[in-house]
Amino acid sequence: MTFSLPPLPYEKTALEPHMSAQSLELHHDRHHAAYINKTNVLIAGTEFEALSSLQEIFLAAYGRDDAIFNNAAQAWNHEFFWELMSPGHRKPSERVIELLKKNFGSWDEFVTKFVEIGSAQFGSGWVWLIENAGELQIIKTANAKNPIALGKKPLIGCDVWEHSYYVDFQNRRPDYLKSFIENLVNWAFVEKQLSQ
Ligand code: MN3
């Protein structure tokens, strides 16, 4: 099948002042679109074309076809990233706060660890909150790799490729990560992933 760029679930100005319309325009309309278009070009005429979702394609391509894996996984990663942000400051529910406390000690320690691990990813990649065997963990991955390819369930994924923060934060990746985790996460979406 061929894929098309899913629209953002909110207006481009909706995440300001934490993520600007200019940043979203470049990131969604150019970068995300390019991953989708490249996936379509690469799978045309191959066995991957018969698969019906980006997830099926990147799982089938993992370890077999790097170009298809990278583009299909990035297309999926970005859709997940847009969906787990929301306008307005959403607070985590008591249930989520308790889970974060249990796994990381406190909300502040969770934020610190998320920023530390995301900042420690050398070069392009992602930082994730995942659920693994009933425990919450923060991991980082390089380039397009995601927790699903590693057999784990993602709850939050934050893009740490430079294109995701240079417009608003220049080289200050830790500031971007702190702003993202404190202001932009749609905790209702996170909780929905948890209960699945
Ligand atoms: Mn990106």
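Computed from a predicted model, the values in this text were never measured in an experiment. (Residues numbered from 1 in each chain as written. Predicted model: local features only at pLDDT ≥ 70, side-chain atom pairs only at ≥ 80, totals over all residues. Heavy atoms only, no water.)

### Some details on the coordination of the manganese ion
Now for step 1: Surrounding the manganese ion are the protein donor atoms His27 (NE2), His78 (NE2), Asp159 (OD) and His163 (NE2), at 1.9 to 2.1 Å.
Now for step 2: Read in sequence order, the donor residues for the manganese ion give the motif H-x50-H-x80-D-x3-H.
Now for step 3: We classify Asp159 as buried; its relative accessible area is 0%. (Donors = N, O, S within 2.8 Å, 3.2 Å for Na, K, Ca; no water. Buried < 20%, exposed > 50% of the residue type's maximum accessible area, 1.4 Å probe, protein only.)

### Describing the packing of helix 1 (residues 21–43) against helix 3 (residues 66–83)
Now for step 1: At a minimum axis separation of 8 Å, helix 1 and helix 3 run at an interaxial angle of 145°. Along this stretch, helix 1 crosses helix 3, giving a crossing that reads as left-handed. Mapping the contact onto sequence places Leu24, His27, His28, His32, Tyr35, Ile36, Lys38, Thr39, Leu42 and Ile43 in helix 1 and Ala67, Ile68, Asn71, Ala72, Gln74, Ala75, His78, Glu79, Phe81 and Trp82 in helix 3. (Axes fitted to C-alpha atoms, helices over the stretch in contact; angles between N-to-C directions. Helix = DSSP H or I, 4+ residues; strand = E, 2+ residues; numbered from the N terminus. Left-handed = near helix turned anticlockwise from the far one by under 90°. Contact = heavy atoms within 4.5 Å.)

### Focus on the environment of Glu16
Now for step 1: Along the chain, Glu16 turns up in the segment before helix 1.
Now for step 2: Residue Glu16 is classed as partly exposed on the basis of its relative accessible area, which comes to 39%.
Now for step 3: Expressed as a C-alpha distance, the spacing of Glu16 and Ala73, which sit 57 residues apart in the sequence, is 27 Å.
Now for step 4: In this structure the side chain of Glu16 is engaged in a polar contact, spanning 2.9 Å, whose partner is the backbone nitrogen of Ala21. (Polar contact = N/O pair within 3.5 Å; in protein donor to acceptor, adjacent residues only side chain to side chain.)

### A few points about the sheet that holds strand 2 (residues 135–142)
Now for step 1: As summarised here, the arrangement of the three strands in space is 2-1-3, forming an open sheet in which the pairing is antiparallel. A single partner strand is all that each edge strand has here, and the edge strands are strand 2 and strand 3 (153–159). Averaged over neighbouring strand pairs, the angle between their axes works out to 20° when direction is ignored.
Now for step 2: In this structure, strand 1 (residues 125–132) lies alongside strand 2, joined through eight bridges in antiparallel fashion. When the bridges of strand 2 are listed, Ile130 appears paired with Gln137.
Now for step 3: The sheet strands contacting helix 3 are strand 1 and strand 3, and the helix crosses strand 3 at an angle near 90°.
Now for step 4: Those strands touched by helix 5 (residues 107–120) are strand 1, strand 2 and strand 3, and its axis lies near 20° from that of strand 2. (Pairing = 2+ DSSP bridges.)

### Section: the packing of aromatic side chains
Now for step 1: With the rule as written, the count across this model stands at 20 aromatic pairs.
Now for step 2: Measuring from ring centre to ring centre gives 5.3 Å for Phe81 and Trp82, while their planes differ by 40°; the resulting arrangement is tilted. Each member of the pair, Phe81 together with Trp82, is buried.
Now for step 3: Ring plane angle 90° and centroid distance 5.7 Å describe the contact between Phe81 and Trp126, whose orientation is recorded as edge-to-face. Note that Phe81 is positioned in helix 3 and Trp126 in strand 1, a separation of 45 residues in sequence. (Phe/Tyr/Trp six-rings, centres within 6.5 Å; stacked < 30°, edge-to-face > 60°.)

### Here we look at helix 8 (residues 187–194)
Now for step 1: Among all positions in helix 8, only Trp187, Phe189, Val190, Gln193 and Leu194 are buried. Relative to the axis of helix 8, the buried residues are bounded by an arc of 155° and lie together on one face.
Now for step 2: Where helix 8 begins, the capping side chain belongs to Asn186, and its oxygen is found 3.1 Å from the backbone nitrogen of Ala188. (Arc of directions from axis to C-beta.)

### Quick notes on the pattern of salt bridges
Now for step 1: Counted according to the given criterion, the structure contains seven salt bridges.
Now for step 2: In this structure, Lys153 and Glu131 form a salt bridge, with 3.3 Å as the shortest nitrogen-oxygen distance. On the criterion of sequence distance, the pair formed by Lys153 in strand 3 and Glu131 in strand 1 is long-range, its members being 22 residues apart.
Now for step 3: A salt bridge links Lys178 to Glu182, with the shortest nitrogen-to-oxygen separation between them at 3.0 Å. Residue Lys178 and its partner Glu182 are located together in helix 7 (residues 173–184), separated by four residues, close to a single helical turn.
Now for step 4: Given a relative accessible area of 28%, Glu182 falls into the partly exposed group. (Salt bridge = Lys/Arg side-chain N within 4 Å of Asp/Glu carboxyl O.)

### Looking at the nonpolar core
Now for step 1: Counting residues in each nonpolar core, the largest one holds 61 residues, and the members touching the most others are Phe81, Met85, Phe110, Phe114, Leu129, Ile156 and Phe180.
Now for step 2: When residues of this core are assigned to their parent elements, the largest contribution, nine residues, is made by helix 3.
Now for step 3: The contact partners of Met85, leaving out residues within four places of it in the chain, are Tyr10, Leu15, Met19, Phe180, Leu184 and Asn186. (Core = buried A, V, L, I, M, F, W, Y, C linked by side-chain atoms within 4.5 Å.)

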